[in-house]
Amino acid sequence: MQKSQVLLVGAAVALLVVLFAFGRTVPRSDKKPMSSAAPSQGGQSVESIAFSELLETAKGKIPAEKLLLVNTIETNVVRGDVKTQQIAAYKQLYSTWDSLNQLPVAAYYLGEAAKLENSEKSLTFAANLFLAHLQHAQDPRIAKWEAEQAIGLFDQAIKLNPANDTLKISQAMVYMNTGEPMTGVAKLREVVAANPDNIDAQVTLANLAITSGQYDKAIERLEGVAKKHPGNAKVLFVLAESYKSKGDKKKAIELFEQSKHFMTDPELKKEVDSYIKTIQ
């Protein structure tokens, strides 16, 4: 699962669920916490920022010599193999803006290069670059724009490889945070309908049920998956969280203990032990 998928999990689900079910992506205490910025404000949908505005603001923050370099690359007359040279120019702009710590602008140019290259690898990398910054975006307008950019890149990558469920799940996670949760849910259900054994999609849908208070639905879904995959620590852990959220602490602790038997990370086992103590 991609780092961006931690965005799915709401406050109703314990932090440890995020850490375990979606990978070790929660910042440690020596790092800045993830932003809680969302593409909405006062309950109303927020318009995404225009790239021209984002670029103008970024240009106002950089040294004069760097601004000259950027403008030179932008206005360079492309000759010969236009596509190849344009890709190179976009990548040069990406490197320049990245070195200036203007990450959203840098991601935009890498995304433009990826669109021209039209390879699954480059499109996915660029989409994940947007998501890496999206997790820390403070401005809802920028967050919305970054999400839209990522969705578009995932769309192009999925067209190249329609069988890649990981891309579809990653894109669904983005929809969860752009004011279109049902679109994300629909995409996850499409994955599950085509591949019921896709554990990541099943666990994600279960987490959605937990966050919306539909604990019985989460339990029903995960118990079905657990029958087919009895040794999957992720499934057992989130199933335990479902029971805990429902109020059945005894069953939850039993399942948390079971999940530990299938974990290979000693540090993670210790964290689960600590988590169990908080609910006893």
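What counts as what
- Residues take numbers from 1 onward in each chain, read along the sequence in its written order.
- Totals for whole chains, interfaces and linings use every residue, but because this is a predicted model, local features are given only for residues with pLDDT of at least 70 and side-chain atom pairs only at 80 or more, for both listing and counting.
- Hydrogens and water molecules were not included; the side-chain quantities draw on all heavy atoms of the structure.
- Each helix corresponds to a stretch of at least 4 residues labelled H or I by DSSP, and each strand to a stretch of at least 2 residues labelled E; elements are numbered beginning at the N terminus.
- Burial here depends on accessible area, computed with a 1.4 Å probe over protein chains only, as a share of the maximum for the residue type. Under 20% is buried, over 50% is exposed, and the range in between is partly exposed.
- Here, residues are in contact when the closest pair of their heavy atoms is within 4.5 Å.
- An axis is simply a line fitted to the C-alpha atoms; with a helix, the fit covers only the stretch in contact. Between two such axes, the angle follows the N-to-C directions and lies from 0 to 180 degrees.
- Between 65 and 115 degrees an angle is taken as roughly perpendicular, under 35 as roughly parallel, over 145 as roughly antiparallel, and anywhere else as oblique.
- Definitions for this section: a left-handed crossing has its near helix turned counterclockwise from the far helix by less than a right angle. A right-handed crossing has that turn clockwise.
- Only Asp, Glu, Lys and Arg are considered charged in this grouping, and only Ala, Val, Leu, Ile, Met, Phe, Trp, Tyr, Cys and Pro are considered nonpolar; every other residue, Gly among them, is considered polar.
- A helix is expected to reach a length of 1.5 Å times the quantity of its residues less one.
- The term salt bridge refers to a side-chain nitrogen of Lys or Arg lying within 4 Å of a carboxyl oxygen of Asp or Glu.

The name that an unreviewed UniProt entry assigns to the protein chain is Tetratricopeptide repeat protein, with the source organism given as Chitinophaga nivalis.

All right, on to the environment of Leu 67 then. As for its position among the elements, Leu 67 is in helix H3 (residues 64-75). Take Leu 67: its relative accessible area is 25%, and that puts it in the partly exposed class. As a C-alpha pair, Leu 67 and Thr 96 span 29 residues in sequence and 9.9 Å in three-dimensional space. Not counting residues up to four positions away in its chain, the partners in contact with Leu 67 are Lys 59 and Ile 62.

Here the focus is the packing of helix H7 (residues 140-160) against helix H8 (residues 165-176). At their nearest, the axes of H7 and H8 sit 10 Å apart, and the two run at 160° to each other. Between H7 and H8, the angle is such that the two are roughly antiparallel. Seen from above, H7 lies across H8 with left-handed handedness. Side by side, H7 and H8 meet where Ala 147, Ile 151, Phe 154, Asp 155, Ala 157 and Ile 158 of the first sit next to Leu 167, Lys 168, Ser 170, Gln 171, Val 174 and Tyr 175 of the second. Residue composition of the contact of H7 with H8, grouped by class: eight nonpolar, two polar and two charged.

A separate point is the side chain of Lys 59. Turning to its location among the elements, Lys 59 is positioned in helix H2 (residues 51-59). Each residue touching Lys 59, except ones within four places of it in the same chain, is listed here: Leu 67, Val 70, Asn 71, Glu 74 and Trp 97.

Its 12 residues give helix H13 (residues 249-260) an end-to-end C-alpha distance of 17 Å, which sits within 8% of 16 Å, the value for a rise of 1.5 Å per residue. Residues of H13 that are buried in the fold lie against helix H12 (233-246) and helix H14 (266-279).

Inspection of every chain in the model, using the stated rule, returns 11 salt bridges. Two residues, Lys 244 and Glu 241, come together in a salt bridge whose shortest N-O distance is 3.7 Å. Here Lys 244 and its partner Glu 241 are both found in helix H12, three residues apart, which amounts to about one turn of the helix. We classify Lys 244 as partly exposed; its relative accessible area is 23%. One salt bridge in this structure joins Glu 257 and Lys 260, with 3.1 Å as the shortest N-O distance. Of this pair, Glu 257 and Lys 260 both sit in helix H13, three residues apart, roughly one helical turn. With a relative accessible area of 15%, Lys 260 lands in the buried category. Here the salt bridges share partners, and the residues they tie into one network are Glu 257, Lys 260 and Asp 273.

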